[in-house]
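Residues per chain, in single letters:
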Amino acid sequence: MRKQIKILMIERDLTQKDLAELLDVTPQYMGYIVRGTSNGSYKFWEKFKEKLNIPDAEIEKYKEVS
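Remember, predicted model here, so these are calculated numbers, not experimental data.

### Observations concerning helix α1 (residues 3–11)
Here is step 1: Of all the residues in α1, the buried ones are Ile5, Leu8 and Met9. Summarising the axial view, the buried residues of α1 lie within an arc of 100°, below the 170-degree limit, and thus occupy one face. Exposed and oriented more than 90 degrees from the buried face of α1 are Lys3, Ile10 and Glu11.
Here is step 2: Buried-residue contacts for α1 involve α2 (16–22), α3 (27–35), α4 (42–52) and α5 (59–63).
Here is step 3: Of the residues trailing α1, aspartate 13 is marked for its positive phi of about 55°.

### Quick notes on the packing of aromatic side chains
Here is step 1: One pass over the full model with this rule turns up five aromatic pairs.
Here is step 2: On the numbers, 5.8 Å between centres and 80° between planes, the contact of tyrosine 29 with phenylalanine 44 is edge-to-face. Here phenylalanine 44 lies in helix α4 and tyrosine 29 lies in helix α3, a separation of 15 residues in the sequence.
Here is step 3: Take phenylalanine 44: its relative accessible area is 4%, and that puts it in the buried class.
Here is step 4: Ring centres 5.2 Å apart and planes at 70° place the aromatic pair tryptophan 45 and phenylalanine 48 in the edge-to-face group. With a gap of three residues between them, tryptophan 45 and phenylalanine 48 both fall in helix α4, about one helical turn apart.
Here is step 5: Note on tryptophan 45: relative accessible area 4%, which makes it buried.
Here is step 6: Linked through ring pairs, Tyr29, Phe44, Trp45, Phe48 and Tyr62 together constitute an aromatic cluster.

Quick notes on the rules
Residues numbered from 1 in each chain as written. Predicted model: local features only at pLDDT ≥ 70, side-chain atom pairs only at ≥ 80, totals over all residues. Heavy atoms only, no water. Buried < 20%, exposed > 50% of the residue type's maximum accessible area, 1.4 Å probe, protein only. Helix = DSSP H or I, 4+ residues; strand = E, 2+ residues; numbered from the N terminus. Arc of directions from axis to C-beta. Contact = heavy atoms within 4.5 Å. Phe/Tyr/Trp six-rings, centres within 6.5 Å; stacked < 30°, edge-to-face > 60°.

Worth remembering: the numbers are spatial, not functional.
Rendered as structure tokens:
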């Protein structure tokens, strides 16, 4: 599971569905990303950084599966 994404969702009061809509992906795909089943595409992570205002220096912590 990608705990940092879960923490971000809680901090910003977003559901997984809300986050999927914001990033223009399906809720199922978002679930795969959060669970760590999918690594996510380059395009996904670029949109994640842009839409959620994540600095380049911090993006790697969101990609980590723990």
